[in-house]
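Descriptive analysis of the structure
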Amino acid sequence: MTQPTEPSFRESVDLMFNRAVALMDLSPGLEEKIRVCNATYTVRFGVRLRGKIQTFTGYRSVHSEHKEPVKGGIRYAIGVNQDEVEALAALMTYKCALVEAPFGGSKGGLRIDPRQYDEHELERITRRFAYELAKRDMIHPSQNVPAPDMGTGEREMAWIADQYARMNTTDINAIACVTGKPLNAGGISGRVEATGRGVQYALREFFRDPRDIEKAGLTGTLDGKRIIVQGLGNVGFHAAKFLSEEDGAIITGIIEHDGALFSEKGLDVEAVRAWIVKYGGVKGFPDALHAENGAAVLESDCDILIPAALEGVINLSNAARIKAPLIIEAANGPVTAGADDILRNKGTVIIPDMYANAGGVTVSYFEWVKNLSHIRFGRMQRRQEEARHQLVVDELQKISEAMGNTYTLSDRFKQKYLRGADELELVRSGLDDTMRIAYQSMRDVWHARGDVDDLRTAAYLVAIEKVAASYRAKGL
Ligand code: GLU
């Protein structure tokens, strides 16, 4: 965890922000306006459980309302506090700006260990928390739209959506009050995998430019790259799964709360996940070495390190020993500001959180648009697209026959080409496009400006400039 000598998470985010604005030409007033968190609402509420009243503390922080609604997840964890929620809300502002999701930044948290409660209890707690937030417009389709984060998922989002709908019976857009809902409750295909998928698309884009690969001291493609992942939750699991199954990467290490697994020949991500679900941890998993001290494995030799768990795991105490030449921050804030300085000086390339894990909010944006338009993506055009493709295939077939059948279209090609895109394909295409464009905007700044030597500063520059432009355009 973060060393006592290190700044808090929020201060860390501010320090990184300050590094970037020092290279910009913003008026000090505007700079301050963008940096500060607009409001944090703290709620303490009681729920009668197991015969007695238990009091819970929750937060919803709004960092910037330059665009509305504001957006960001709700986290359930015992360590949730105001500082953390404000840091995460600030990151949401920059994240949304960078990937051009038209939202301000917000974040929520409930101080709770969700594993201590059964489903029915969690539902009551969640509904009560949602009630407290909704009655103050902290959950609202046009003002503040939460989503899943650590410790929450589709189930909690469905309860929140239903709670809001009960309180706003005539709101035709009620379902758009929260994203990350299950498909049968107004969700969108591909939201669960979105953040991990975004990490995969981010790495693919990184490996498209030889200059970037060289900066990290790597060669070649993702194929055969040795990856260590910390945290096999929703984000880490999907990132590791897709990178190993689709890009030829080798998952040599998986770090979990009860230690780490290690295998030079590569771990079967699905099998490890199934083991964790069954036994509650990685211990005892066959076909791999087990290390008790998981955190030490962060320092092991690999090509790419993916911290996909908590903030502050790479800090002053271990940064100098991190061997990975490339780190992609799937979690929010895994590298402290102090560690960031050390790694930057060592030449480690870091693909920063505000970009690397933006896949989640990107697909949340698609879900919100779907909810507001009240129609599934692809419903109108899919069959029409197929019919037009059929025309081309029929015509080519005729030409081929006229030429004596010297060339015929393969069945595999026809099958792939004829199929109109469904919602999942459209979501993936939109996500891929978003991740590529956002990366390119960081890359341009990284390579073009002599005073920017890392992707994080580049990301902040692009994001802050967008937020500033929006404030300038509309006035404060
Ligand atoms: N909690 C996720 C994040 O940190 C998703 C937020 C959202 O979809 O609004 O980006």
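Please refer to the structure higher up on the page.
Below is a short write-up of the structure.

Rules and cut-offs
- Residues numbered from 1 in each chain as written.
- Predicted model: local features only at pLDDT ≥ 70, side-chain atom pairs only at ≥ 80, totals over all residues.
- Heavy atoms only, no water.
- Core = buried A, V, L, I, M, F, W, Y, C linked by side-chain atoms within 4.5 Å.
- Buried < 20%, exposed > 50% of the residue type's maximum accessible area, 1.4 Å probe, protein only.
- Helix = DSSP H or I, 4+ residues; strand = E, 2+ residues; numbered from the N terminus.
- Contact = heavy atoms within 4.5 Å.
- Near = heavy atom within 4 Å.
- Polar contact = N/O pair within 3.5 Å; in protein donor to acceptor, adjacent residues only side chain to side chain.
- Areas by Shrake-Rupley, 256 points an atom, 1.4 Å probe, with all protein chains shown as cover.
- Nonpolar A, V, L, I, M, F, W, Y, C, P; charged D, E, K, R; others polar.
- Pairing = 2+ DSSP bridges.
- Right-handed = clockwise from strand over helix to strand, strands pointing away.
- Expected span 1.5 Å × (residues − 1).
- Axes fitted to C-alpha atoms, helices over the stretch in contact; angles between N-to-C directions.
- Phe/Tyr/Trp six-rings, centres within 6.5 Å; stacked < 30°, edge-to-face > 60°.
- Lys NZ or Arg CZ within 6 Å of the ring centre and 35° of its normal.
- Salt bridge = Lys/Arg side-chain N within 4 Å of Asp/Glu carboxyl O.
- Patch = residues over 30% accessible without salt bridge, like charges linked within 9 Å, V, L, I, M, F, W, Y side chains within 5 Å.

It is worth spelling out the nonpolar core at this point. Within soluble globular proteins, side chains that are nonpolar generally end up buried alongside one another. If you look at the biggest cluster of nonpolar residues, it comprises 91 residues, and the most contacted ones within it are Ile34, Tyr94, Leu326, Tyr460 and Ile464. When residues of this core are assigned to their parent elements, the largest contribution, 11 residues, is made by helix α17 (residues 455-474). Aside from chain neighbours lying at most four places away, what touches Leu326 is Leu203, Phe206, Phe207, Ala216, Leu218, Asp303, Ile304, Leu305, Thr348, Val349 and Ile351. Core analysis: the second largest hydrophobic core is formed by 27 residues, Val47, Phe56, Ala134 and Ile139 among them.

Bringing the environment of Phe45 into the picture now. The residue Phe45 is located in strand β1 (residues 39-49) in this model. With residues up to four places along the chain from it excluded, the contact list for Phe45 reads Gln54, Thr55, Phe56, Leu110, Ile125, Arg128, Phe129 and Glu132.

Moving on to helix α11 (residues 337-346). Residues lying three or four places apart along an α-helix face the same way, a consequence of the helix completing one turn every 3.6 residues. All of the buried residues along α11 are Ala337, Gly338, Ala339, Asp340, Leu343 and Arg344. Lining the buried residues of α11 we find α1 (9-21), β12 (326-328), β13 (349-351) and α17. Just downstream of α11, Gly347 is the residue with a positive phi angle, here 90 degrees.

A word on the site of the ligand. Inspection of the region around the ligand gives 14 residues, with Lys95, Lys107, Pro148, Asp149 and Ser364 positioned closest. A distance of 2.6 Å separates an oxygen atom of the ligand from a polar side-chain atom of Ser364. When the ligand sits alone it has 290 Å² of accessible area, and the protein chains cover 95% of it. Sorting the residues of the shell around the ligand by element identifies α3 (82-98) and α13 (359-373) as the ones contributing at least two each. It is α13 that provides the largest number of residues to the shell around the ligand, a total of three residues. Considered class by class, the residues forming the shell around the ligand number four nonpolar, five polar and five charged.

This part is about the pairing of strand β8 (residues 250-256). Within β8, six of the seven residues are buried, which leaves it mostly tucked inside the rest of the structure. Two strands pair when backbone bridges link them, and strand β7 (residues 226-230) and β8 are joined in this way by five bridges, in the parallel orientation. In the sheet register, Gln230 faces β8, and the bridge partner there is Ile255. Handedness of the crossover is the feature at issue here: the chain leaves β7, passes through helix α8 (residues 234-246), returns alongside β8, and the resulting connection is right-handed. Here β8 pairs with strand β9 (residues 259-262) via four bridges, running antiparallel.

For α8, which comprises 13 residues, the first-to-last C-alpha distance of 18 Å matches the rise-based estimate of 18 Å (1.5 Å per residue) to within 8%. Every buried residue of α8 is listed here: Val235, Gly236, Phe237, His238, Ala239, Ala240, Lys241, Phe242 and Leu243. Note on α8: the residue one or two positions beyond its end, Gly248, has a positive phi of about 75 degrees.

Let us now look at the sheet that holds β8. For sheets, the rule is that strands pair by backbone hydrogen bonds, running either parallel or antiparallel. Ordered by their spatial adjacency, seven strands build an open sheet running β10-β9-β8-β7-β11-β12-β13, and the pairing between neighbours is mixed. The open sheet is flanked by β10 (289-291) and β13, the only strands paired with a single partner. Strand-to-strand twist across the sheet, computed as the mean angle between neighbouring axes with direction ignored, equals 20 degrees. As judged from the three bridges shared by β12 and β13, these two strands associate in the parallel manner. Following the sheet pairing, Ile328 is matched in β13 by Ile351. Lying on the sheet, helix α6 (residues 194-206) is in contact with β11 (304-307), β12 and β13; it crosses β12 at an angle near 145 degrees.

Before going further, it helps to examine the environment of Val445. With respect to the helices and strands, Val445 occurs in helix α16 (residues 423-448). What makes Val445 buried here is its relative accessible area of 18%.

Mapped onto the secondary structure, Gln54 falls in strand β2 (residues 52-64). In this structure Gln54 comes out as buried when scored by relative accessible area, which is 18%. Remark: the alpha-carbon pair of Gln54 and Ile125, spanning 71 residues in sequence, is separated by 9.8 Å. With residues up to four places along the chain from it excluded, the contact list for Gln54 reads Phe45, Gly46, Val47, Leu49 and Tyr117.

For the structure shown, the criterion picks out 14 aromatic pairs. Ring centres of Phe17 and Tyr94 lie 5.8 Å apart, and the angle between their planes is 35 degrees; on these two criteria the pair is classed as tilted. Pair noted here: Phe17 is in helix α1 and Tyr94 is in helix α3, with a separation of 77 residues, a long-range link. Relative accessible area serves as the criterion here: at 0%, Phe17 is assigned to the buried category. Using a relative accessible area of 1% as the deciding quantity, one classes Tyr94 as buried. Ring pairing ties together the aromatic residues Phe45, Phe56, Tyr117 and Phe129, which thus form one cluster. Geometry around Phe242 places Arg197 over its ring, the cationic atom sitting 3.5 Å from the centre.

Moving on: the pattern of salt bridges. Using the criterion set out here, one finds 53 salt bridges in the structure. The partner of Arg155 in a salt bridge is Glu156, with the nearest N and O atoms 2.9 Å apart. For Arg155, a relative accessible area of 34% puts it in the partly exposed group. According to the relative accessible area criterion, Glu156 is buried, its value standing at 4%. In this structure, the salt-bridge partner of Lys181 is Glu367, at a minimum N-O distance of 2.7 Å. Of this pair, Lys181 sits in the loop between α5 (154-167) and α6 while Glu367 sits in helix α13, and the two are 186 residues apart along the sequence.

So, on to a nonpolar patch on the surface. Taken together, the side chains of Leu391, Val392, Leu396, Ile399 and Met403 make up a nonpolar region of the molecular surface, amounting to roughly 460 Å² of accessible area. Checked against the element boundaries, Ile399 lands in helix α14 (residues 382-402).

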